[in-house]
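These are the residues of each chain, in order.
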Amino acid sequence: MAEKNKYGQYFTIGVIADFMVTLISHSKQSRVLEPSCGKGVFLDKLVEQKFENIAAYEIDKTLGAKYDFIRFASFLSVPVSEQYDVVIGNPPYIRWKNIEPELRAELESNALWNKYFNSLCDYLFIFILKSIEHLTENGELIFICTEYWMNTTHSVSLRNYMCSHGYIEEIYHFKETPLFEKVTASFIIFKFVKSTNRKATINLYRYNKERVVPTKEELESRSCFDYEEIPQFQVNNRWILATESVQDELKRFEKGCKKANQLFDFDFHRIGEYCDIGNGMVSGLDTAFQIKDTINLNKSEKTVLIDVLKAKDLNAYKNTSSTKYIFIQEDISNEEFSEKYPHFVTHFSPYIEKLEGRYSYNRVIPYWEFVFPRNQKLFERKAPRIFIPCKERISNKNYFRFCYAPEGVYPTQDVTAIFRKESCKESLEYILAYLNNKRVFEWLAFNGIVKGAIVEFSEAPIASIPYRPINWQVSTEVKLHDDITNEVKQYLMDSSSIHIDNINNSFNKLFQ
């Protein structure tokens, strides 16, 4: 069972704690520290396994003391002169904005925090770094935590510190497995070794079961994991959980998108330079604005209907369906509305209470209007566009659903729209094919905003995608662009898979 309080506590289940103790390679006489012991599940397992020299800290006195070696004090206050062969546990997780005043004050006076971190960093970071400070040479840090810090900008100082002070030996990647009750996140167990020597590779174990907690036997035998060997992480490089061959492919892709005469590897063209991007409009209650029977509507009612594509309607390249929405934006009274749109009065009547209870963005909004028609001007642009679901699960597929949408079609809040800038020379069809290419999928799977198996597609993540513009001075590239454009147009008409094969072959040539 998992509970949470102001100290960022999520309590570990026994089967996981038991498994983590088995990862310790030091002797039973080694000095072992649990820096945030909570209710003591790791201590129970350490004692069961006959470890003889255990120390533990816990800041929350309300949890009670099961063992006389538990010290109820903040781990951050412990002098680093206390050295251990093993640090094991489940560190607290609190974002800076949610840190209690007394904990924040402690951080602000902490030398390690001030040296490596700032107010954009999370409480977890200092626990990892300080735990390493307490390790002896060849000491082991074994933690379970969310994986987000492995690729965020704000944790780069932590990652660089770890690369400079040792190496990751093992990672167990559980994705969204419910290891903690009522917590949706992607979890990892990692084993870090403090050492002046470095191993060349990391043992990566990917959990291969769907949303089911593993048994003790499955963990011990590793039968619930798929095994890979990945390159050791490096200072100032992204931490990517991918094999060397996959990383080489990603580098080749980025190299193909690199700007000419640039010194840095990350200076490549990006989609945001060539496209305008906007998240879909917010109705506040989609079911109330969707209308199926349009036959009996009067002329005024038919003129305020719009075609909408929702996430469920999208597929790669083409949509599978669409929905009519009521979209009224005119300053009229209730009486005028009833007279002009009589069928809509009947349509909206079952939803009135919910519509009036919508979040209104501090405005008085009639029940028949969208609460936030964001990016409306963008969507009214007289040009076709590309739609993508705001969130896409990739656990059981290897493609995204970048979908063509003609002029006049709108997205709602679960869809993000992409428009070709006027300054962009490439066709929208080329951009559509490019975004649906496997290279973009693989890049986003490792470099996008990924939470568990969910990739997020808001404006910023889409804008950051590397882009391969055409060199219009090279005739072979111009021909490839035109071929791709024509193949996309043909596919949108007849859905023949031969066009997709031809598109992929053209991109293979472009990236040679």
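Computed from a predicted structure; not experimentally measured.

(A) Quick peek at the environment of tyrosine 410. Residue placement: tyrosine 410 occurs in strand 16 (residues 409-411). Tyrosine 410 has contacts with Met281, Ile306, Asp307, Val308, Leu309, Phe379, Glu380 and Phe387, leaving out every residue within four places of it along the chain.

(B) A look at the sheet that holds strand 8 (residues 201-207). With respect to topology, nine strands assemble into an open sheet ordered 3-2-1-4-5-7-6-8-9, the strand pairing being mixed. The sheet is open, and its two borders are formed by strand 3 (70-71) and strand 9 (225-231), each paired with just one other strand. Sheet analysis places strand 6 (residues 166-175) next to strand 7 (residues 187-194), joined by eight bridges and oriented antiparallel. If you follow tyrosine 167 over to strand 7, its bridge partner there is valine 193.

(C) Local environment of helix 16 (residues 438-447). For helix 16, the full list of buried residues reads Arg439, Val440, Phe441, Trp443, Leu444 and Asn447. The backbone nitrogen of arginine 439 has a side-chain oxygen 3.1 Å away, supplied by the residue at the start of helix 16, namely asparagine 437.

(D) Main features of the pattern of salt bridges. Applying the stated criterion across every chain yields a total of 22 salt bridges. For arginine 393, the salt bridge goes to glutamate 176, with nearest N and O atoms at 2.9 Å. Taken as a pair, arginine 393 in strand 14 (residues 391-393) and glutamate 176 in the loop between strand 6 and strand 7 lie far apart in primary sequence, 217 residues in all. Arginine 393 sits in the partly exposed class, given a relative accessible area of 28%.

(E) Quick look at the pairing of strand 13 (residues 385-389). Of all five residues in strand 13, five are buried, a share of seventy percent or more. What you see with strand 13 is no split at all: Arg385, Phe387 and Pro389 on one side and Ile386 and Ile388 on the other are buried throughout. In this sheet, strand 15 (residues 403-405) lies alongside strand 13 in antiparallel orientation, the contact comprising three bridges. Opposite phenylalanine 387, over in strand 15, you have cysteine 403 as the bridge partner. As paired elements, strand 13 and strand 17 (residues 415-420) share four bridges and run antiparallel to each other.

(F) Spotlight on the side chain of glutamate 176. In this structure glutamate 176 comes out as buried when scored by relative accessible area, which is 12%. Within the structure, the side chain of glutamate 176 is placed 2.9 Å from the side chain of arginine 393, a separation counted as a polar contact.

(G) Quick look at helix 8 (residues 244-256). In this model helix 8 runs 18 Å from its N-terminal to its C-terminal C-alpha over 13 residues, within 8% of the 18 Å that 1.5 Å per residue would give. Taken together, the buried positions of helix 8 are Gln247, Leu250, Phe253 and Glu254. Along the long axis of helix 8, the arc covered by the buried residues comes to 115°, so they all point the same way. Turned more than 90 degrees away from the buried face of helix 8 sit Glu244 and Lys255, all of them exposed. Buried residues belonging to helix 8 abut strand 9, helix 15 (428-435) and helix 16.

(H) A look at the side chain of serine 195. Tracing the backbone through its elements, the reader meets serine 195 in the loop between strand 7 and strand 8. Here serine 195 falls in the buried class, since its relative accessible area comes to 8%. A polar side-chain atom of serine 195 sits 3.0 Å from the main-chain amide nitrogen of asparagine 197.

(I) Broad picture of the confidence of the model for the protein. Mean pLDDT over the protein stands at 92; residues scoring 70 or higher make up 96%. Counting contacts from residues 1-9, a segment whose pLDDT is below 50, to residues more than four positions away or on other chains yields 28 contacts.

(J) Expanded view of unusual backbone geometry. At asparagine 138, a position not held by glycine, the phi torsion is positive, near 70°. Note that asparagine 138 resides in strand 5 (residues 135-146). The backbone of tyrosine 361 sits at a positive phi, close to 55°, despite the residue not being glycine. Using a relative accessible area of 31% as the deciding quantity, one classes tyrosine 361 as partly exposed.

(K) Local environment of the environment of arginine 439. Tracing the backbone shows arginine 439 in helix 16. Distance in space between the C-alpha atoms of arginine 439 and threonine 485 is 18 Å, their sequence separation being 46 residues. When sequence neighbours within four positions are dropped, the list of residues in contact with arginine 439 reads Phe253, Phe507, Asn508 and Phe511. Polar side-chain contacts of arginine 439 include one of 2.7 Å to the side chain of asparagine 508.

(L) A look at the nonpolar core. By size, the foremost hydrophobic cluster in this structure holds 46 residues, and its most contacted members are Ile128, Trp149, Met162, Ile171, Phe190 and Phe233. Looking at this core element by element, the count peaks at eight residues for helix 5 (residues 123-133). Core analysis: the second largest hydrophobic core is formed by 45 residues, Phe268, Phe400, Phe457 and Tyr467 among them.

(M) Broad picture of the packing of helix 1 (residues 14-22) against helix 2 (residues 41-48). Packing of helix 1 against helix 2 leaves a shortest axis separation of 9 Å and a crossing angle of 50°. Here helix 2 runs oblique to helix 1, going by the angle between their axes. Between helix 1 and helix 2 the crossing geometry is right-handed. Residues Gly14, Ala17, Asp18, Met20 and Val21 of helix 1 touch helix 2, and the partners they reach there are Val41, Phe42, Lys45 and Leu46. The class makeup of the residues in the contact of helix 1 with helix 2 is six nonpolar, one polar and two charged.

(N) Structural detail: the sheet that holds strand 18 (residues 450-451). Read across the sheet, three strands follow the order 14-19-18 without closing on themselves; strand pairing throughout is antiparallel. The open sheet terminates on both sides in strands that have one partner only, identified here as strand 14 and strand 18. Here three bridges tie strand 14 to strand 19 (residues 454-456), and the two strands are oriented antiparallel to one another. From the neighbouring strand, lysine 391 faces strand 19, where its bridge partner is glutamate 456.

What counts as what
What you see as residue numbers is a count from 1 along each chain, following the sequence as written. Local features are withheld for residues below a pLDDT of 70 in this predicted model, meaning they are given only at 70 or higher, and side-chain atom pairs are given and counted only at 80 or more; totals for whole chains, interfaces and linings count all residues. Side-chain metrics in this entry use all non-hydrogen atoms of the structure; hydrogen atoms and water are not considered. Helix and strand assignments follow DSSP, with helices taken as H or I runs no shorter than four residues and strands as E runs no shorter than two, numbered in order from the N terminus. Contacts: residue pairs with any heavy atoms within 4.5 Å of one another. Being paired, for any two strands, means DSSP has found at least two bridges between them. The buried label applies to any residue whose accessible area, calculated with a 1.4 Å probe on protein chains only, is under 20% of its type's maximum; exposed applies above 50%, and partly exposed to all values in between. Definition of a polar contact: a pair of N or O atoms within 3.5 Å, with one able to donate and the other able to accept a hydrogen when the atoms are protein atoms, and with sequence-neighbouring residues admitted only if both atoms are side-chain atoms. Salt bridges, as used here, are contacts in which a Lys or Arg side-chain nitrogen is within 4 Å of a carboxyl oxygen on Asp or Glu. The span you would expect from a helix comes to 1.5 Å times its residue count less one. Of all possible arcs, the one meant is that of the directions from the helix axis to the C-beta atoms. For every residue, the predictor assigns a confidence score, pLDDT, that lies between 0 and 100. Residues enter a nonpolar core if they are buried and are Ala, Val, Leu, Ile, Met, Phe, Trp, Tyr or Cys, with the set joined through side-chain atoms within 4.5 Å. Whenever a helix is involved, its axis is fitted only over the stretch in contact; in every case the axis is a line through C-alpha atoms, and angles between N-to-C directions fall within 0 to 180 degrees. Working definition: roughly parallel below 35 degrees, roughly antiparallel above 145 degrees, roughly perpendicular at 65 to 115 degrees, and oblique for all remaining angles. Crossing handedness is read from the near helix: turned anticlockwise from the far helix by less than a right angle, it gives a left-handed crossing, and turned clockwise, a right-handed one. Here the nonpolar group is Ala, Val, Leu, Ile, Met, Phe, Trp, Tyr, Cys and Pro; Asp, Glu, Lys and Arg are the charged ones; every other residue, Gly included, is treated as polar.

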